[in-house]
Amino acid sequence: MRLLKRLPSGAFELVSFSDNDAPPYAILSHTWTEGQEVTYNELVAGTGKDKTGYAKICFCGEQAAADGLEYFWVDTCCIDKSTSDELSTAINSMFRWYQRASNCYVYLSDVSVPDEIIDTEAFRIAWQEAFRRSRWFTRGWTLQELLAPPSIEFFCKQGKRLGSRVSLEQEIHEITRIPVTALRRQSLNEFSIEDRMSWAATRSTTREEDKVYCLLGIFGVFLSLIYGEGEAYATLRLREEIRKRQEGRGTGSSQNLPVFSSLPFPRNEHFVGRTDELRSLEQHLLISNTHRRMTIYGLGGCGKSALAIEFAYRTLATHARLVLWVPAISQESFELAYREIGGRLRIPGISDDNADVKRLVQETLNSERVDNWLMIVDNADDHEVLLGTTNSNSKPARLNDYLPRSDRGAILFTTRSRKVAGALTQSSVLGLTDMGKAEARQLLALRLTQQSLFDGETAFDELLEALTYLPLAIVQAAAFMNNNDVSVSSYVSLFRQTGAEAELFNQHFYDPSRYEGLDSTIAKTWHISFEQILKEDPLAAEYLSFMACIDRVNIPQSLLPSGKSLVQQTKALGTLRGYAFIAERLQTIQESDGDKFFDMHRLVYKASVRWLDRHNERTTWVDAAVARLEELVPYGGHENKEVWTMYLSHAIHVAGIHGIVGKAASASLLDRVGRCQASLGQYSAAETTHQQVLSIREKVFGLEHPDTLTSMSNVAGALSGQGKYAEAERMHRETLGLRKKVLGNEHPHTLTSMNNVALALSDQGKYAEAEKMHRETLGLRKKVSGNEHPDTLTSMNNVALALSDQGKYVEAEKMHREELRLSKKVLGDEHPDTLMSMSNVAAVLSRQGKYAEAEKMHRETLRLRKKVSGDEHPDTLTSMSNVAGALSDQGKYAEAEKMHRETLGLRKNVLGEEHPHTLTSMSHVAAALSGQGKYAEAEKMHRETLELRKKVSGEDHPHTLTSMSNVAAALSDQGKYAEAEKMHCETFGLRKKVLGEEHPDTLMSMYSLAHLLTKQLRYDDSRFLYEQACAAYNTVLGEDHPTARACHQHYRQMLALQEQNWISVCSGRPESSADGRTNKRRRLV
């Protein structure tokens, strides 16, 4: 057959396909206007566009595209009527072509609707009379076009949709007198010959023989076309062909049985979609001369049986003489179905008392007496029914062994279990997923019996998304709305209420396409599957119960209960995937060697929760989830970060299960989550989480409980991470006050709070106050713990750092050296804390410009760390980085670059290519390149670091924003001021959004941007930013903060340059002198 395809230019082309390989297509049904239809030759030549028929071709193409169909068929131009053989083939194939179309559009050129009417289906009064009088209902060829297609939509002359064969069923029945059951696509073989002849009796055709030829598809026969033979002779030939078909075509090779089926359900007139699946079934099962088998598997309620029923009716109409239905719900249902089949086949001896019914049916279907049969074995969910052994005449046998294998027939199975599907037909399986959005919309629209229930596209789509486009859930929802006169939007509101989903899924409804006596609700459907899983794979049932208590998406396999072998775990997960309850997430090749991740079907998740509640097991499994997460989620830190990060969403979910998880357990889980978030730099999220913990602990334990005070301290720490230093200080002071009251002034936890307050002061640049408080803490720790306690030494270190921050490098060095001496004495020369002290001494030497001495000490620290911790320990690599930094300070950029690259290589091997410390080394290498004037290389490396930080930490992480700032600086070094300005602006905007307008990093972006504008002599813009930056620094850090002072100094320099430039312009002097007197300042990164 030929199909039309619309080209991008708007023209059309014809594409040829074999009947069995045609893609999904739409088909047009219409009445011809003499001389106005576009012929095959005209379409090929590109002519005929002035004919009225060309508009119908355009309409069909546009409507097909709107329905997602690339191809369509129009009889006037897809058939070359100048060739008699082609015309004869087309007329004999016409019924089948309409039958296989995805959509049929009936274009009624004599039915018009006024332009002002938008919703044509709601205003039938405007076109109903014209519809009843339409010429389309009087023509012979349109009879098969009414009955054959699976879906028909009617359109007026203006292209507005009037309705479907379903919605207009009563009107069509009254106009044509064709039974409603025929309009609902019941097999035409169920109607008598005379009845079918009567449907065309009052219809007319242009050529008298066509009045007979248009019935060929109605009776499923083929005739050669003999125009000129007359209607009477053509009718005789038709009746003779029908008689031959009824008599088995006179070959003697069949059993001379009438066409029949043992289908237990009527054809579903609301069946929609599944075009690709139906084609796949047909190609695999029907187009072959050998015995073929196939299995449909999928989630309970996804429409397996509905698809099988539709396939059965289509097969009965076009291919097979016998369609046999065998329910495999139990051994009894299988044997009863075989007994019925034996009776209908009139097998001798089938009614005898001791008859071996299964063997007799199998032998008959295997014999040459019966051909063209299709058997559907439905609901083969239980492996034991078909594949388990049973006693038959004292001999063990399997029901599967009684299935026939004749080349004249095929078998289609349906099951919920992929494992059963594999056991039945191995690789010949068809996985059925949820419906597409368009199909689901069509199904719901057909199932709603009242137009008034449809009250908006938005609610329609919300409902389908909530039901995950699952057919049975859609049908059940529609039944509830129809029975209770509930609109779609009202149902959506009801569905969203807590606990309502489970109740709605348990609502019973009548469905003629499901077995009588079986509960057809979505909840019962899945509960049957749960019971089957519990019986065949207890570990899979345990996993399902556990998953119902954690977040349903992104479930790591490593989170599931441990204690089973990898083989057992794999088998259990395979069972759940086989029932389509879970789906494995796709991973990249790099990720495939790590943990596997799974998502649980949303509605299955709800049903699983309901299942646990009904069996009083939910509390048990929630407790198991809490215990497992407490085992896996640490109290922050960076060790195994890539592993525990994926557990956090599940810990948050479990902690939020109110009424089951105790408040203390919830707080404990959230405390871990908050600390992990802080370790990841997610300070805003950490603040929110720690605030939750604080609120819970305050209610459960009281404000003054030690755990409550710990939570207060954690909130303050999260505030500091966001640069909210003043708020952090206030909260640390409140914690300190309460700890003094509850624990006493000298308790170790009280002294920790003092230390935290001092650190908050340092963060605000209040170094003198910080020093004072650190000294007070140091004095108390000496008193409480002794001069040489590790906590005391920590305070000494902090005092020294506060001195260094104030530029008191000599004092700082002296104290760092004293702390180092005591650390060596107390902890030993090679203790990690001692080596950290050595590193701090080296750092303060560097600040005093004693670069050679600093380098020497960093190298000694490096030597000892290699000895103590090994060449590749993270602390050793930190010392390598420090040595390289000391070389940079001395201008030895080439040496520094070499050592930074070595550190980078080791960190890649030890920590991984995407570890934060690795990315820091990349940044150091780039800085060393800049020091050597290799600005382009530096820019390239900074950009690479930026992309990795985006991937690892996210686009808004503070480290990522630092890399953006570094890229901007590298651009500025190359004189690419416009690009640098653009990136500084982007960084500035993101820092305002992420960190807040007053965060020091945000102010630094503003400061850097002002400095860059000065370089471009854009003094007015620079002055505006400098004024804001200086004012903000005064407020946030204080006027005496070093950064604030530096900002003010550069502001004054900018004003001086602006003034000098203005004088130069006014006096007409050249502008060459200003740049030479501008001091370079070190760029702060």
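Only a predicted model underlies this, so the values are computations on that prediction, with no experimental measurement involved. Within any chain, residue numbers begin from 1 and follow the written order of that chain's sequence. Local features are withheld for residues below a pLDDT of 70 in this predicted model, meaning they are given only at 70 or higher, and side-chain atom pairs are given and counted only at 80 or more; totals for whole chains, interfaces and linings count all residues. Hydrogens and waters are ignored; side-chain quantities use all the structure's heavy atoms.

Scanning the protein from terminus to terminus reveals 50 helices and 18 strands. Exposure is judged per residue with a 1.4 Å probe applied to protein chains only, and the accessible area is read against the type maximum: over 50% gives exposed, under 20% gives buried, and values in between give partly exposed. Going through the 1085 residues of the protein one by one, you find that 52% of them count as buried. Residue contacts are defined here by distance: any two heavy atoms, one from each residue, within 4.5 Å place the two residues in contact. In the protein, the share of contacts with a sequence separation of at least 24, taken over all contacts with a separation of at least 6, comes to 66%. Using a 1.4 Å probe, the Shrake-Rupley method yields the accessible areas, and only the shown protein chains count as cover for residues. Surface summary for the protein: the accessible area is close to 48,900 Å², and the carbon and sulfur share equals 49%. A helix here means a DSSP run of H or I that spans at least four residues, while a strand means a run of E at least two residues long, and both kinds are numbered starting from the N terminus.

Strand order in the open sheet formed by 3 strands is S16-S18-S17, and the pairing between neighbours is antiparallel. The open sheet has two edge strands, strand S16 (555-556) and strand S17 (582-584), and neither has a second partner. Note: two strands are recorded as paired if DSSP finds a minimum of 2 bridges between them. The pairing of S17 with strand S18 (residues 597-600) spans 3 bridges and is antiparallel. The residue bridging Ala-583 from the neighbouring strand is Asp-599, located in S18. Axes here mean lines fitted to C-alpha atoms, for a helix over just the part in contact, with angles spanning 0 to 180 degrees between N-to-C directions. Its contacts with the sheet put helix H26 (residues 566-578) on S17 and S18, and the angle it makes with S17 is roughly 115 degrees.

This paragraph deals with the pattern of salt bridges. One speaks of a salt bridge when a side-chain nitrogen belonging to Lys or Arg is within 4 Å of a carboxyl oxygen belonging to Asp or Glu. Counted by the stated rule, this structure contains 49 salt bridges. When the shortest N-O distance is used, the salt bridge between Lys-5 and Glu-70 registers 3.0 Å. Taken together, the residues Lys-5 in strand S1 (residues 2-6) and Glu-70 in the loop between helix H2 (52-66) and strand S4 (71-73) connect sequence positions 65 residues apart. Residue classification places Glu-70 among the partly exposed residues on the basis of a relative accessible area of 46%. Among the salt bridges present, the one from Arg-161 reaches Glu-153, with a minimum N-O distance of 2.6 Å. We classify Arg-161 as partly exposed; its relative accessible area is 26%. Residues joined in a network through salt bridges with shared partners are Glu-813, Arg-817, Lys-850 and Glu-853.

This part is about helix H27 (residues 602-614). For H27, built from 13 residues, the straight-helix expectation of 18 Å at 1.5 Å per residue is met to within 8% by its first-to-last C-alpha distance of 19 Å. Buried within H27 are the following residues: Leu-603, Val-604, Tyr-605, Ala-607, Ser-608, Val-609, Trp-611 and Leu-612. Looking one or two places after H27, you find Asn-616, whose phi comes out positive at around 55 degrees. Helix span is expected to be 1.5 Å times the residue number reduced by one.

With that settled, the discussion passes to the confidence of the model for the protein. pLDDT measures how confident the predictor is about each residue, on a scale from 0 to 100. Here the protein averages 82 in pLDDT, and 90% of its residues register 70 or above. Here residues 248-259 is modelled with pLDDT under 50, and outside its nearest four sequence neighbours on either side it reaches 24 contacts, counting other chains as well. For the stretch residues 1063-1085, pLDDT sits under 50, and the model shows 21 contacts to residues farther than four places along the chain or on other chains.

Here the focus is unusual backbone geometry. At Asn-379, a residue that is not glycine, the phi angle is positive and equals roughly 60 degrees. Asn-379 gets classed as buried once you look at its relative accessible area, which sits at 18%. Of note in this structure, Leu-1017 is not a glycine but carries a positive phi near 65 degrees. By the element assignment, Leu-1017 lies in the loop between helix H47 (1000-1015) and helix H48 (1019-1036).

Turning next to the pairing of strand S9 (residues 292-298). Of all 7 residues in S9, 6 are buried, a share of seventy percent or more. Pairing geometry for S9 and strand S14 (residues 409-415), over 6 bridges, is parallel. When the sheet's bridge partners are listed, Arg-292 is paired in S14 with Ala-410. Alignment of S9 against strand S15 (residues 429-432), held across 4 bridges, turns out to be parallel. Counterpart to Ile-296 in the pairing with S15 is Leu-430.

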